[in-house]
Every structure is written in structure tokens, then in C-alpha cells.
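Report on the structure
Chain residues, written in single-letter form:
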2 protein chains.
Amino acid sequence: MRYKIATFKSIFFYTLLFSFLFSCSKENKDNRNEVVDLYKYVNPLIGTKGEGNTYPGAQVPFGMVQVGPDTETDLWETASGYEYSDSVIFGFSMTHLNGTGIPDLGDILFMPTIGKRQFKSGKINKTDKEIKQNPYSSKYKKSPEHGYMSKYNHIDEKASANYYSVKLQDYNIWAEMSATERAGIMNFTFPESDSSHIVTDLSHVLRWDVFWSSIRVENDSTISGHHQVKGWANDRYVYFTAVFSRPFDDLVIMKNGKKVIYNTTRFRSSLEASGKNLQFIADYKTRKNEKISVKIGISAVSAQGAYENLMAEIPEWDFDKVRESGVEKWNKELNKIQVEGKEEYKEAFYTAFYHTCQAPFIFQDVNGLYRGFDKNIHKAEGFENYTLFSLWDTYRATHPLFCLVQRERNAQMLNSMLTHYDQSVDDLLPVWSFWNNETWCMIGYHAVPVIVDAYMKDLPGFDAERAYEAIKTTAMNPNYDNVKYYAENGYVPFDKENESVSKTLEYAYDDYCIAQMAKKMGKIEDYKYFLKRAMAYQNVFDPVNKLMRGKDSEGNWREPFDPHAYAHDINKRDITEGTNYQYTWYVPHDINGLINLMGGGDVFEQKLDTLFTYNKDNLEKGSEDILGRFGEYWHGNEPSHHIAFLYNYVNKPWKTQKWIHKIMTTQYGNQPGSLCGNDDCGQMSAWYIFNAMGFYPVCPGSNQYVIGTPLFQEAVINFESGRKFKMKANNISDDNIYIQSVSLNGVSWNNSYIPYSEIIKGGELLFEMGPSPNFNWAVADDSVPVSLTK
Amino acid sequence: MRYKIATFKSIFFYTLLFSFLFSCSKENKDNRNEVVDLYKYVNPLIGTKGEGNTYPGAQVPFGMVQVGPDTETDLWETASGYEYSDSVIFGFSMTHLNGTGIPDLGDILFMPTIGKRQFKSGKINKTDKEIKQNPYSSKYKKSPEHGYMSKYNHIDEKASANYYSVKLQDYNIWAEMSATERAGIMNFTFPESDSSHIVTDLSHVLRWDVFWSSIRVENDSTISGHHQVKGWANDRYVYFTAVFSRPFDDLVIMKNGKKVIYNTTRFRSSLEASGKNLQFIADYKTRKNEKISVKIGISAVSAQGAYENLMAEIPEWDFDKVRESGVEKWNKELNKIQVEGKEEYKEAFYTAFYHTCQAPFIFQDVNGLYRGFDKNIHKAEGFENYTLFSLWDTYRATHPLFCLVQRERNAQMLNSMLTHYDQSVDDLLPVWSFWNNETWCMIGYHAVPVIVDAYMKDLPGFDAERAYEAIKTTAMNPNYDNVKYYAENGYVPFDKENESVSKTLEYAYDDYCIAQMAKKMGKIEDYKYFLKRAMAYQNVFDPVNKLMRGKDSEGNWREPFDPHAYAHDINKRDITEGTNYQYTWYVPHDINGLINLMGGGDVFEQKLDTLFTYNKDNLEKGSEDILGRFGEYWHGNEPSHHIAFLYNYVNKPWKTQKWIHKIMTTQYGNQPGSLCGNDDCGQMSAWYIFNAMGFYPVCPGSNQYVIGTPLFQEAVINFESGRKFKMKANNISDDNIYIQSVSLNGVSWNNSYIPYSEIIKGGELLFEMGPSPNFNWAVADDSVPVSLTK
């Protein structure tokens, strides 16, 4: 039974690996820099139920291939293509987005079947409305529309780092898959059948439209082709080459529902086709438990590029080697932070770490060619090209985390963003981009804090002058979202631009970042200029309500004004995905300035308290999918992510500790439904990773991390430099969540923040924890994190 | 007045050129190898009225760019996009097909306008039916649907080699254009206007569908983009970069009829778009007679490739330099055959020569990159890549002509065909291909005679072993059009394959060619095998009717049988675009065998006479567009092209002379309507070139040219080797059309053919002409051209 042999081989390998690691750990008991087996804590199913929008497929760290099951093809809610509550698998596609709010990818689907040739997926009896009414019901019903899809059960499903397997119940076929950076391999273990098939559906994609595709039967066991997708990414090219382990017994290409047959009066080939709706079906007669494998390379450049990727990365028919190589890569990544604590927290933590390594991902072929934003094919010279920049999300914690544990990659990501700038027809850095398309999703110019934060942290590997030119040009763009008006008048008026308050606030923060970089580079005029812009938040602060509020170009405040209202209509809203009450706190670079505007710490604290306790009657239209709610603090979306730390700024760090612990332990976990909101390409997860260690970058670019409360008794960051930064938390437990005292390298530490310089040089941060707040720790005037206005 | 200055500069240049040439001709009076001014005899308008389907646009020899006016966008009949009888110009597009029967290309249209911005072409009140009823009427009527199109008049139109100009009446704009291999330049001379525009319409293409396109405004005077076309070529990519001589005063991209505007809630750029239906409009305020130029590079690889092509070939703003460089190239080509005779014949001749240099054309960027049949981007290493192989037409006379006057290019065309074979998913040489698409048009495997003819004529520059493998593999293909059945059973049965008689006959001829190459290469087994297949024509010869006739797989003849019927229904016909009576003569390699089958020369001659005199009552359905009719001899289509020479084989060369002269002087000429049939990528024209010199390759691959009757008093072929072959015809006139005697290099020549070896080595062929036949010339048994069966 070949499937069992494979399984056996895997067991054999892991036994060997464990023995090796065990022997290592014996000899290097106290040297946590040794790679230990952490991949076992990764559970890719975490976040697949509900709003997390993660996917359980196989991927290597930062790999362009994310191969896994699609249980949904149409629903907006199931952006990654997989929802744990679904009971049907449509097939296994090569690409997926981690935790976005909008579906896309799901390219190049493969599905094994038994019986008559199927070229349509079939449909499930489910509507958006039904999903909303009963989101976790089983929705599958075999119907006349049944196609190649199959029922599956979680009992027969296994997802781990770089491995996914499942039994397809309708066909009694076991499918398992694994990946390299640019290729994937699938094993299908068939029952005995005269009519086994493997379908390749080029018309499949998540939610959007394939408007053109092509396929070629290269030889008796190889196909190649491409499809072009008009999706969230408006103009996307995906090429592939797939090699099957056994020559086809028979084959057929389907075009628009008809067989592509040799037609002597017209097209005289049944071996290739182009069109809008193409499938390929390979037919086999299989023995009982016969395993047929398919290995697939993908590329955004060409089918030839996909072939080269495949042959470079999966030259042999050795599934286990692919899997094990990926496990090794994952262990290497996961060991960058070694934690000790409760097993379920470790599962949540390492799965979070895993999520931060899913995007941005490599976007170039092994030969260095990639498709640029100008749609031309470029060669990456002197850098490695990455894509998927969910910047409104990831500038907050993901890229700051990269500045600690992915320094080399982060520099390459910066270079990729600078290349985007070079290729941009609008002379702009990326806003929200993937697969060489700018989606223009969300607001601000948050490539800026990503670049500035890396510069402030002396990240090597990118050209600072080039980067500065790009961030300044972006921030001076005369067209982008009324930045010009903002620069000239100090705010974005709501009568000229929607989401005007959020934009003003985020521009101001981004400008603070530019000022920091300008200052460090000695560009004093620029420093002054952008520093002034960084204060623009003051111009949308309504001193009567003591809240941020929309202002029109005549200087009139928005009327009527309900600070707790969630404005769904994009043309009427001043706030991006939130309320005025939530966005009021968005001055990460000048909290003290905000405190002053409000009239002092007491008002500030009282307003913060209200945020965490204000109970809205219901989920207002458009906000239904933002969960993780404590009053009006919504952890399920990014605008809230920095707010719980703000108590530190008014010398009430224990309130920060209380909320941070509550959020960590209720909004994260080790179950499919544990993620309270879209993982947003790792941002939700990066938030958790920082906080589990006890600190968080409230203001990237400032080189200060604000102290929350740790989750683990120990966490060691193993820097690429070889240095280590160790966090220890004595007496920590689910009750002992309050900081009693802190020492840094043996010296008492009474600040509610810790500077980057102390972390990167290595050292030990020791927390003494207890069940009640220490009202005396970090309450001195100068113990709070730095603000611009002090 | 800049337009006039340009004209003045042109006049100045040509005066200089003439002076130079005149001085040359004085000094080299008898040396015809000197380049003399022949471009003036080229009239690109010849063949643009009626069935010729030529185009009047600007092109350099074998250039990938054919830039010119489109007067029709939909009609099947107007395959080149230009019909002389039309009175409206839609715009000027970059690519055109010469003389095909099916429309395609017409890519990337530019059109200058005045007034309100127009992004639709507008429509003309014309239907297929109207065209047929009154094909040469003026059909233009200004209507509410009027778009950017304009009326024009032939008085205001000038077409010459590499130059086209016209006045657009609706706008009082003069347009002129010229080309290089991969780029074109257009001058638009505007009146004074506040609302001048230049429209770029990416949705424009001849007859078929643009299903995707993209456009980018690269800077204040440059745009780039592409479109993808599902047409006759099923999957075609055309990229372009266009640089305008003046920065845009304003601009707009139109997408699906709407302005692409900066949209703060979604796409935040008005400078780029992707979609199915895109136009770009550049706005200008123009002074009186202000000239704005646009230079455009194209590519099948990328917009970057198009840009590199443009910058390499048209780096400056010098229209005249582009034009003059092309004129120089044309003069170089045209001088390869120098003729003396009537001026109108010279116009017809050099325009015919011009047509033979329009296709196949270069299909690679200046950097060597090209799109292959596998859709991958390849680099042409060691050869130059060409496309547009209308092989069912051009194997007859175009490529044989290339074996004389385009030897180097023909070798590159062969290499391009071999590359096609390498890239073919079906392991086939091209059948009918262009722009990296196989269209599968027409029948047979006529890449074979093109390759074999070149090999038999010792053409250097290609690998014979590689070529032989390709032709043999093609002829042994197990799938293609029942070749397998034919190979095993000696004929194609009509119950298994349509056009079975034509296919049997053409396969047999192609196989004769393979046999010749095999023999010369010493592959004796292959020689015998293919020689046997070459006799397959005998298996579809009905000995009762003494005609070729469909036979089914049981051996039964087709019933009912009307040898003169034109079977329109493709599923019921045994003949390709003709009648059984026409195709009976298709045994070019064994006319003597056919004579024997018929029962001797007398029957053969009598049947030939009938062909030329048989009057069909009307144009049967499907055959309406095949004109040039003498009885059932239809010169407007290729199956008749070799038939008039067959009288030579029964020792009646004067009958050949009579018909050849008649065809030359009635079916060709110097008027727009002079071409009686589709030029078919130069085949109609190549027929004329050979015959104007007095001979024709009835059986390419045989190394014999069959003597017809010359048209010119003198014709000199200037070989690339430096050798010359001179044909002289004493006493020739429109009355003196009969050969009295022939001498070759001063020695009497009594054969009705002349071998290739005598021509290529140089020499002089002297005809003595007279008003009546010499019944004694070339009538000996061994004076007739060689047949396989002798």
C-alpha cells in the first residue's frame, strides 16, 4: 500500500529527527539557539473557522506557493478559500491569501475523482444569507449539480507546517500535499477503479473571474498553461507546469463545457486550447491504494518559468523530501523565538509565528525573473522580489517584528517596495499590493513607517537615499487622496475626501516617521516640514467633544455628530472601518499631545475606560465582521491594536496589563475558531507574538516598545547576529498577570517601555509577576513612553 | 508651415537621390547590379479594390510593422482592413495582412480628430449584402453614430513604398506615416483648434475580438500597453509603446465607455487601466498647420520590448529619415530583378515584387526575444525569427522565388518553421501560422516542399538533418487529417475525412518532395517509402471519368458525381476550394503519370481545353470570391496556378504561351482593381514575377522551371552571389506572345523547361518572339519537363 509506505517513511524520518534533536538538546541544554522541534506546535487550522480567514494548506516560510483545499469559491467571507465549518472540498489550488478581508487567488486547482469525467465543481446549497443566519452549519447536500467536489470530514484531515492531507469521502481518495517556495506536490491515493481521474480546472479561482487561459499537453505526463484573472488584483497572470507521476491512460481538454476534439475542418489538435473556461482531465485505471502524484510549479512570468521553478525545487518524485525540507525551514524560523509556558499558549504562539511567515512572499522565479507593476518581465538584480503588502495592517506589528527576526528578508521586502515605486505609474510606494497589482485597498502611505522603522533600526541591505526619495515623493504626491490639500491646510476636509479624519490622523503619523528619518539623515528642512505635518492631528480634534471629528474645507465640524456611529456608507464616513471614538486614539507618535488636547491624563483615562466599556446595542451595518469586542475596543480590526497600551502614557500601566492579558487569552488560542478577526497577512498574529513577550511597538519608527504583560514564563529572541534577548517572567500564571517589578540585565527597570537598542544588543528582561497591580511601578513622570509633545 | 517643409525636404532628398543614381547609371551603364530607382514603380494601392486584399500602408521589406489606414473593421471580404471603394477611414493601425482570405490584425489604432473627444469609431451604413449588391459604391453617410472616423478622398491620398498619406476630410487633418521593421511614425498636421485630439483605440482590431488590454501613461508624452486578441489567430498578444512629439495638454483613458478617473474609494490612478475596451485620448490646442508626430514601437513580447524596438529603430524625430531609409531598403530589394518593358507592366511587376516582400515578416524584438508557439518568450539564437506562413499558397511560387532572390531570408524562414516544429505540441511543421498561432488553415503539409525545394537548391543556412527529421515526422503524424490512413491505404477516404481528394493529391506531392530530399541525403529506404506514397494520386483517379474522384474506405467512388460542382458544404466536399475537374490536374510531380492514366496526351489535352472553356452558369455558393475565370480555370485561387503550363507536357507549348500571356495581361495590372484574387501573402504576385520572366516552378522540389512566355523584353536577376541571369525577349510585344526559338548562353534550347542549375550559375536566356506559334519548338519527346513516371 503505497500510501502507507509513505506514511511509514514519514514516521521513520521524524523519529530520526527527534533523536537528533534530543541528542542536540542534551549537549546544549542551555543554548536555545540550537534548532529544536517547534513545528509540532503549528496548527494551520487555527483561524480557519470564522473571521480569521487563514488557510490550512502547505507552504514553506515566505513561499509563493500555498497549496491547499478550497471549500468555498464565491463567498466574500471566505477570503482564503477555506472555512472550517464547510463540509465540501472543491479541490486543491496552488495559491491562497492569509487572513485578508477580500478573497482572491485560489489559482490552478487539481482534484482527483472516481466515476464519470467531471469538469464542473458542482455547487453547494448555500447563500450569503444562509451563511449569516447559521454560519457554522453543514451546508453540503448532494444534488444534481454535484460535480468534482467531495465531502470530507475533519477526522480524516491533517494540517501541519508544510503538510496537508484529507480523505475525499465521495471517492475514497486520500490526498496529501506539500510545497517548496515555487512548487507543490500532491499525492492522491486511489481505490481500485477503471475510472480514476485527476481534474485540472483553470477556470477555478476564488470569487473572481478567469477571463482567459491556455493549456498544452506537453507530453504523456506533463501539462502546462496559464490563466489570467480579473479579481481584486485587476490583472493577474498565473502560469503553471504540472508533471504527473504516471503517464495518462487517456486525457481530454474541456473548453466552455465541450471536449476539445481534433476537428478536421478547423482546429486540428486536441492537445492544446486557449479560452475563458478550460479544464484538463487525466484518466487512469488504478489499482487498490495506487498513489499517483502531481508536482506543479507556478510562475507569474511564463509556463517555462514555472517548469524551471518545478525542476529546480522538486526534481525528484520524493514527497517526503519536500515535506521534510519544509519542516526544516519552519523549525529554523520558529526557533527564532523560543518560548516556555503552557502548551496551548505555545500552540497559539508558534501558529501565530507561522502566520507571520506566510506573507509577504517571494515573487520571482528561480532564474530571478518576475512580472513588474508595469506588466513587463524584469530580472531582480541585487535583491529578492517579494509581494503581498497589506501595509495598513502590517506596518503596525508585522514589519516591526521582521525588524527583529526577519531582518534580511525585511530589507528585501523594502527593496521590493522601492521597485514598486520605480515601476509605479503614479510615483507611489505600495498601498496594498499583491501579484504585481496595486489594489489601492485602505488608506495612508504606510510603506513609510515600514521603511522608516527599518532605517531607524539600522537594518542593512537597502539604499537609504533611494528609500528617502521614495517616501518623500509618495508623501508629496499631488493626486493621492487629497494629500496635497492636507499638506497645505493641515487636514483632509470631509467635503473633499471620504474617511477624512482617519486619513488626516494616519498621514500625520506617517509624516512623523518621515521626520524621524529626515532628522537622522541630516535633512533638517525636511525634518521641520514633516514634523509640522505630524502635528496635523490637532486640526481634526474637536475641543468641545474632546474627540477627533470631521471638518469641512470651510472649517465647520461634521454635523450631526455621533462619535459611536459606524458609518457604513463610504461616501458619508469620516472614519475608516470604525468610529470617531475609536480613531480618536490614533496619534501613536504624540499621545502626550493628545492628552494635553483632552485636558490632561484624567480625562484621557476616563475616555479610555469608556472605550473599553461602552456597549453598543448591536453590530451596526458594515461592522458585523469586526469582532473581538470589549465595549468599543474591537480587537478584530487594526485601528484598536495600539489602544490598550495607552494607559501606560497616563501612568496606569496595570490597566494596560489587565486588558492585554484579557485580549491575549480570549481573542487568541489553539482552536480553529480562536482568531477573533482577519489575520490580515500576519498583523493579528504579530500583535500576539510581541505581547506574549511582554512588549509592543505602539509607534513604529520611534524605537520604543511599550510594555504590556507577558504570557510566557520565558521567551528568547535568537537574533541573526547570534545575540539573544531573553524575557523571563517569574511567578507568571493566568492569575499572576500584573507586573510587580522589572529588571533589565539585573538592573531595576521602572519605565513602561523598553528601547530597541536594549533588545537588539541582547540581554535579559526579568518580570516579577503577581495577582494584583503594583501601583508604584513605572508611574514616574519620565517613565512613560516618549511622545512628540512632551 | 511644417507640413510643407517636410514635403520640401522630401523633394530635396529625392532630387539628390536621382542625381546620384543618374550619375551611377552613367558610369555603370551596362552594370544592372547597381541599385537604381525602382521604388517609384511600386503602387501599394494595386490590389486594394475588390478581391486582391492588399493594403496601402507603409512597410519596409519583411517588416513586422505594416502601418496604414483601416476603412473597414468588420467585413470578412476586407481582410486587409482597406478597400479602395470605401470612403471612410477609421484610423491608422500598426499591423495588416497582405492578401489573405480571412481578416485579422489591425492592431493599435491611432486617429487624429478635431472637436469633442471621440472614443468610438462610429459606424458606416453598410452590410455584407449591400457590399455584394453594389460593391464599389460610396457607403459613407454621416449619422448620429459618427465617431472618430473621417471621410477621405483618393485625390488626397498618396501611397508609395514605405509611405502613406491622406487628408482626413472631416477634420482637415493631414496624416502621413512611415515604418521601420518594428516601429512606425505618423505625422498629423492639424488646423488651428482648441480641441485637437489623437485617439489610441486598443479595442480596435479587424473583425475579431479584443478580450483584454492595458494602458499606462508613462510620462507627459509616452503611453504603453497591450491588447490580447481572440481572432483567426486564437490567442494573440500585441504590445506597444507610443511616444508623442509634444506633451499632452490633457489626456483621458476611457474604459468601457467611461472615463478612468481618480476614485478615492477604489482605484486611485487615472494613468493606467486594464480591461476589455480601452481608449486613450491625447488633447492638444494646435496652431494652424501644426504637426504632431507619434512614433510607435510594437512587440509580441512586452511593452518594454516595444519601447526598445522603437528606440533602436526610430530614436529621433525625423520622419523623412525613416521614410528614406525604407525607400533605400525597397530599392535594394526591387533591384534584385531589373526588367525592361512597358511602364504599366513595370508598375505591375515591381508592385508584385513589393507584395512578395511583405510576408513572412520578422517576428522578434531587436533584442532577439520573441513569443513562441508554446506562448513562452524565447530568444532567437543563431537565426532570425519570421512569421506568417500561408503555406498552402506560398509553397507554389513565393518560396521558390525566395530561393532565387531571398536566399538568406528564406533560410531564416526555414529555421523559423523548424522552431515552430520544435515548439509544436503536435510535433508538426506549420500549416498556416502567424503571430505565434497555428490557424490550421487549408490542407496538406506544405512546409515540406518549401524545405525540400530549398534543400534541393542547396540553400545554405539551415540544418538539413534537423529539417529532414521535421518533414518526416510531420508526414508520419498519426493524428493529422488521416495521414495515417493515407499512408497505410494509399488514399484519404471521403467517409473518414473531408476534402479527401485534394488531401490525397497534395499529400502525394508533398511525399514526392520528401522522397527527393531522402534520395539526395542517401536515405534510400525513406526514398522508396515516400516515392510509393507519391504515387497515391493514382488511387483517387476514376478511370471511367478520367478524373480525380472521392473514394470511400470501402473503395466505392463518390455518388452522385458532378465533376464541375463546387461543394460549399465542408462536410460533403472532396475538393478544397474548387471542383474535381480543377483538382484532377494536381499531380505536379508526375504529369506524365496523369497523362498515362487518362489514356494519352490527346485526352489530356482535350480535357485541358475543356477546363479553359467550360462555362458554368453562375458563381456557385461559396465560390463567388474566386475570380479570374477562364472557363473553369480560376486564376483567383491557387489550385489553378500550375495548370496552364501543362500543355508543355503534351508538346503543345504554344497553348501554354497563349494562356499565360492572357492571364498576365488581364488578371494583373497597375490599377487598384487589377488583382483578380487574394494576393495570399505574395503567391499571386510571385506567380506574376516568374511568368513575367518567362518561366514558372510547376513542381517545386524538382529543380525545373517550366517555360511559359515572357512579358518583358529584358529581365535580369541579380543573385546575392554576384552572378546574373538575364532573360531577353527579342521582338516581344502584346502581339508577339509566341516563342519562335530559345537559346541559352548562345546555344539553341529546345526544351519547354529550364533547370535551376542553369539559372543560378548565371547566364542569358534569349527568346525570339513572334505573333504565331512555332509548332516545332520544344515538341520532341524529351523536351518536356520531367515527370516521376516517364
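For the structure, see preceding data.
First, a word on what this report is: a plain description of the structure on this page.

Cut-offs used in this document
- Residue indices begin from 1 for each chain and proceed along its sequence in written order.
- Throughout, the order in which chains and ligands are written sets their labels, letters from A for the former and numbers from 1 for the latter.
- Confidence filtering applies because this is a predicted model: local features only for residues at pLDDT of at least 70, side-chain atom pairs given and counted only at 80 or more, and all residues used for totals across whole chains, interfaces and linings.
- Neither water nor hydrogens contribute to the side-chain values; these are computed over all heavy atoms in the structure.
- Runs of E in the DSSP output that reach at least two residues are strands. Runs of H or I that reach at least four are helices, and both are numbered from the N terminus.
- The globule rule is 2.2 Å times the number of residues to the power 0.38, and the radius of gyration it is compared with is taken over C-alpha atoms.
- Partly exposed residues are those whose accessible area sits between 20% and 50% of the maximum for their type, while under 20% is buried and over 50% is exposed, using a 1.4 Å probe and protein chains only.
- Residues count as neighbours in contact if any of their non-hydrogen atoms are within 4.5 Å of one another.
- Defined here as a combined quantity, buried area equals the accessible surface (1.4 Å probe) lost by two parts on assembly, summed across both.
- Each reported salt bridge corresponds to a side-chain nitrogen of Lys or Arg within 4 Å of a carboxyl oxygen of Asp or Glu.
- Here a polar contact means two N or O atoms within 3.5 Å. Within protein one must be a hydrogen donor candidate and the other an acceptor candidate, and residues neighboring in sequence count only if both atoms are side-chain atoms.
- Nonpolar residues are Ala, Val, Leu, Ile, Met, Phe, Trp, Tyr, Cys and Pro. Charged residues are Asp, Glu, Lys and Arg, and all others, Gly as well, are polar.
- Superposing the copies works by least squares over the C-alpha atoms of residues that have pLDDT at least 70 in both of them.
- For two strands to be treated as a pair, DSSP must find at least two bridges joining them.

Below, the discussion takes up the overall build of chain A. A tally of helices and strands in chain A yields 19 helices and 38 strands. Taken over C-alpha atoms, the radius of gyration comes to 27 Å for chain A, in line with the 28 Å a tight globule of 790 residues would show. By principal-axis analysis of the C-alpha atoms, chain A measures approximately 80 × 65 × 50 Å. Burial statistics for chain A: of 790 residues in total, 67% are counted as buried. For chain A, contacts bridging at least 24 residues in sequence account for 71% of all contacts bridging at least 6.

Residue and element names in this part refer to chain B. Looking at the element boundaries, E181 is found in the loop between strand 8 (173–179) and strand 9 (183–190). Given the relative accessible area of 14%, E181 is considered buried. Discounting chain neighbours no more than four positions away, the residues touching E181 are V60, G63, M64, V65, E313, K329 and I362.

Moving on to the interface of chain A and chain B. With 48 residues of chain A at the contact, the number on the chain B side is 48 residues. With both chains or domains summed, chain A and chain B bury close to 4,000 Å², and 46% of this area falls on carbon and sulfur atoms. Looking at the side of chain A facing chain B, the largest losses of area belong to A:W212, A:R268 and A:V425, adding up to 18% of the total buried there. Where chain A meets chain B, there are two salt bridges. With its nearest N and O atoms 3.3 Å apart, the salt bridge here joins B:D481 to A:R268. Taken together, the links from chain A to chain B amount to 35 residue pairs in polar contact (both at pLDDT 80 or more). Counting residues per element, the ones that place at least two in the side of chain A that touches chain B are strand 11 (209–219), strand 12 (222–230), strand 16 (272–275) and helix 3 (303–313) of chain A. Residue composition of the side of chain A that touches chain B, by class: 17 nonpolar, 17 polar and 14 charged.

Our focus in this paragraph is the relation of the copies chain A and chain B. For the pair of chain copies, the relating operation is a rotation around an axis with a shift along it. Of the transformation placing chain A onto chain B, the axial shift is 0.0 Å and the rotation is 180°, giving an RMSD of 0.0 Å. What the superposition gives is, in effect, a two-fold axis relating one chain to the other. Considering only C-alpha atoms, the residue of chain A closest to the rotation axis is A:F211, which sits at 4.0 Å. Same-surface contact between copies: 100% of interface residues of chain A are shared with the interface of chain B.

All names here are of chain B. Read across the open sheet, the three strands follow the order 24-25-26; overall the sheet is antiparallel. Of all the strands in the sheet, the pair left with one neighbour each is strand 24 (389–390) and strand 26 (437–438). Two strands pair when backbone bridges link them, and strand 25 (residues 432–434) and strand 26 are joined in this way by two bridges, in the antiparallel orientation. When the sheet's bridge partners are listed, S433 is paired in strand 26 with E438.

Residue and element names in this part refer to chain B. Within the secondary structure, N691 is located in helix 18 (residues 683–693). N691 sits in the buried class, given a relative accessible area of 0%. When residues no more than four places from it in sequence are discounted, the contact partners of N691 are F645, I660, M664, Y696, T709, P710 and L711.

As a further point, take the pairing of strand 9 of chain B. All names here are of chain B. Counting buried positions along strand 9 gives eight out of eight residues, so the element sits mostly inside the fold. The alternating pattern of strand 9 places A183, I185, N187 and T189 and G184, M186, F188 and F190 on opposite faces, both of which are buried. Alignment of strand 8 against strand 9, held across six bridges, turns out to be antiparallel. Residue W174 lies in a different strand from strand 9, and its bridge partner there is T189. Between strand 8 and strand 9, which pair antiparallel and follow one another directly, the connecting turn spans three residues. Sheet analysis places strand 9 next to strand 18 (residues 290–299), joined by eight bridges and oriented antiparallel. Within strand 18, the position partnered with G184 by the bridge is I296.

In this section: the pairing of strand 8 of chain B. Residue and element names in this part refer to chain B. Counting buried positions along strand 8 yields six of seven residues, so the element is predominantly enclosed. For strand 7 (residues 163–168) and strand 8, the ladder comprises five bridges, and the chain directions are antiparallel. Among the inter-strand pairings, K167 is bridged to a residue of strand 8, identified as W174. Here strand 7 folds back onto strand 8 in antiparallel fashion, the turn holding four residues, of which N172 has a positive phi close to 55°.

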